[in-house]
Amino acid sequence: MKSADYSRRAEVLKPFMAMDILERAQQLEREGRSIIHLSVGEPDFPTPGTIKESAVKALSEDKTHYTHSLGTLELRQAIADHYLKRYRVKIDPGQILVTSGTSPALLLACAALLNQDDKVLISDPGYACYSNFISYCGGIPQPIKVDKESGFQFDPKIVKKSITPQTRAILINSPANPTGNLLEKDRMRELAGLGVTILSDEIYHGLVYKGDEHSILEFTDNAFVFNGFSKFYAMTGWRLGYLIAPPRYMRTLQTLQQSFMISASHFGQVAALTALTSAEVAKDLEKMRRIYDERRRFTLKRVREIGLEVAVEPTGAFYIFANAGVFTRNSYDFAFEILEKAGVGVTPGIDFGENGEGFIRFSYANSLENIAEAMNRLERFLQGIPQNCLFTQSLR
Ligand SMILES: Cc1ncc(COP(=O)(O)O)c(C=O)c1O
């Protein structure tokens, strides 16, 4: 497609390199190769049975219509109750917009908030899609380096120095993708005190193995919160998320939703209500969390043993962001080498920003068995020992 064929808006989008790896991995699998996927950012667990049953029941009861554009009142009330119980913050259901995943919530918030050339401070490395949401809505993503010295999270002093009259918002993400690190409570409070609107992506809440998770709403009302059911509830394919916003933005957000999405799926919202309120589901979630933690500890140990540096222990989400700088300065090519030669899918650090170059991201949303095998393959690859069947062809 010639550049003239598509809009200037689309031209600003950054390709999602992780998908290149995944698509190549799938092609290799079709050719009969054994590939272990440690690149994918989604739970390997199926959705808890009680949630699925409630969706089936909802379908049989014909919960198949449009709902209120903000979402069903029952679900919004349950989300408000969840935030009250977990973080002791009081939210009115009228401040909640249920969306088809967290991603649309990010898009609608950026659409409602950003004027042309407004800047949004984002962490580098950070979730690959943030810059696309911001740029597509006319804003300018302004990356701020985070590194091992800052615990791979924002240092409020550095953030403060980066604020200019053009700064419209600061986007935080804790636990974070790709680093799995948590933003400490005091830092959150400091960031909230800078007087700039905070966009807080809380999608990995619940997946915390050490320390406490906090919602930005504990520290300020001048915030937009993004959350959803994809990660903690193992519901990526259901496409269900939500946005909590200051009341004055709700009418605009509602208009955007009514125009572009209409509503999230009806039976999906019934299932999401079950996800938030069922004691049975809570038990399943805790079981999954413990398994993730076991995998986290194992993967971290093995990643370090095979010679990659993880300077700050990741304590949330399901990612380990490892410095492969002793092996490569080109994480994109390195990730392809690993895929082709070791049969392991990992995500190149450059996908998450310039400061992620030289790193690779492992997702431990895979079985311990598979992770163990992947680490053995990777170890042999890094030691330069050919792996008979896996090295049969050079594919690039
Ligand atoms: C930090 C972060 N935010 C948002 C999303 C998107 O979530 P959803 O599936 O709810 O759209 C992801 C998905 O990987 C993510 O890692």
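### Quick word on the sheet that holds strand 12 (residues 359–363)
- Read from one edge to the other, the open sheet built from three strands follows the order 9-12-11, with strand pairing classed as antiparallel. Bordering the open sheet on either side are strand 9 (319–323) and strand 11 (347–348), each of which pairs with just one other strand.
- In the sheet, strand 9 pairs with strand 12 via five bridges, with the strands oriented antiparallel. Considered in strand 12, the bridge of Ile320 is made with Phe362.

### Regarding the domain arrangement of the protein
- Along its sequence, the protein is carved into domain 1 (3–46 + 281–391) and domain 2 (50–278).
- The C-alpha-based centres of domain 1 and domain 2 are spaced at 25 Å.
- With 40 residues of domain 1 at the contact, the number on the domain 2 side is 44 residues.
- Carbon and sulfur atoms supply 59% of the area buried between domain 1 and domain 2, which totals about 3400 Å² over both sides.

### A few points about the site of the ligand
- Around the ligand, the structure places 13 residues, and the nearest of them are Thr102, Ser103, Asp201, Tyr204 and Lys231.
- Interatomic distance of 2.6 Å between a side-chain N/O atom of Asp201 and a nitrogen atom of the ligand.
- Between Lys231 and the ligand, the recorded distance is 2.6 Å, taken from a side-chain N or O atom to an oxygen atom.
- Calculation on the ligand without its partners gives an accessible area of 400 Å², and the protein chains cover 92% of this total.
- In terms of residue class, the shell around the ligand is made up of four nonpolar, six polar and three charged.

### As for the packing of helix 12 (residues 331–342) against helix 13 (residues 368–382)
- The interhelical angle for the contact between helix 12 and helix 13, taken along N-to-C directions, is 110°, at an axis separation of 10 Å. On the basis of their axis angle, the class for helix 12 and helix 13 is roughly perpendicular. Residue-level inspection shows Phe334, Glu337, Ile338, Lys341 and Ala342 of helix 12 in contact with helix 13, the latter providing Arg377, Leu378, Phe381 and Leu382.
- The class makeup of the residues in the contact of helix 12 with helix 13 is six nonpolar, no polar and three charged.

### Things to note about the sheet that holds strand 6 (residues 197–201)
- Taken in spatial order, the seven strands line up as 2-8-7-6-5-3-4 in an open sheet, and their pairing is mixed. The two strands at the open ends of the sheet, each matched to only one other strand, are strand 2 (96–99) and strand 4 (140–145). Ignoring which end each strand starts from, the neighbouring axes of this sheet average 20° apart.
- Sheet contacts for helix 9 (residues 250–260): strand 2, strand 7 (223–228) and strand 8 (241–244); angle to strand 2, the most-contacted strand, approximately 20°.

### Remarks on the environment of Tyr364
- Along the chain, the position of Tyr364 falls in the loop between strand 12 and helix 13.
- Counting along the chain gives 327 residues from Tyr364 to His37, while the straight-line C-alpha distance between them is 9.2 Å.
- The residues contacting Tyr364, other than those within four sequence positions of it, are Tyr209, Tyr292, Arg295, Arg296, Thr299, Gly316, Ala317, Phe318, Tyr319, Ile320 and Ile371.

### Describing helix 8 (residues 185–192)
- Regarding helix 8, the residues found buried are Arg187, Met188, Leu191 and Ala192. All buried residues of helix 8 fall inside an arc of 135° around its axis, so they share one side.
- Here the buried face of helix 8 lies against helix 7 (156–162), strand 5 (167–173) and strand 6.

### Topic: the packing of aromatic side chains
- Evaluation of the coordinates by the stated rule reveals 19 aromatic pairs.
- With 5.5 Å between their ring centres and 80° between their planes, Tyr204 and Tyr319 make a pair best called edge-to-face. Taken together, the residues Tyr204 in the loop between strand 6 and strand 7 and Tyr319 in strand 9 connect sequence positions 115 residues apart. Assigned by exposure class, Tyr204 and Tyr319 land together as buried.
- For the ring pair Phe318 and Tyr319, a centre distance of 5.1 Å and an interplane angle of 70° mean the geometry is edge-to-face. Pair check on accessibility: Phe318 and Tyr319 agree, each one buried.

### A closer look at the confidence of the model for the protein
- When pLDDT is averaged along the protein, the result is 94; 96% of the residues meet or exceed 70.
- Note on residues 385–396: pLDDT is under 50 here. Beyond four places in sequence and across chains, it has 24 contacts.

About the cut-offs
Residues numbered from 1 in each chain as written. Predicted model: local features only at pLDDT ≥ 70, side-chain atom pairs only at ≥ 80, totals over all residues. Heavy atoms only, no water. Pairing = 2+ DSSP bridges. Helix = DSSP H or I, 4+ residues; strand = E, 2+ residues; numbered from the N terminus. Domains from an automatic or database assignment. Contact = heavy atoms within 4.5 Å. Buried area = accessible area lost by both parts, 1.4 Å probe. Near = heavy atom within 4 Å. Polar contact = N/O pair within 3.5 Å; in protein donor to acceptor, adjacent residues only side chain to side chain. Areas by Shrake-Rupley, 256 points an atom, 1.4 Å probe, with all protein chains shown as cover. Nonpolar A, V, L, I, M, F, W, Y, C, P; charged D, E, K, R; others polar. Axes fitted to C-alpha atoms, helices over the stretch in contact; angles between N-to-C directions. Parallel < 35°, antiparallel > 145°, perpendicular 65-115°, else oblique. Buried < 20%, exposed > 50% of the residue type's maximum accessible area, 1.4 Å probe, protein only. Arc of directions from axis to C-beta. Phe/Tyr/Trp six-rings, centres within 6.5 Å; stacked < 30°, edge-to-face > 60°. pLDDT = per-residue confidence, 0-100.

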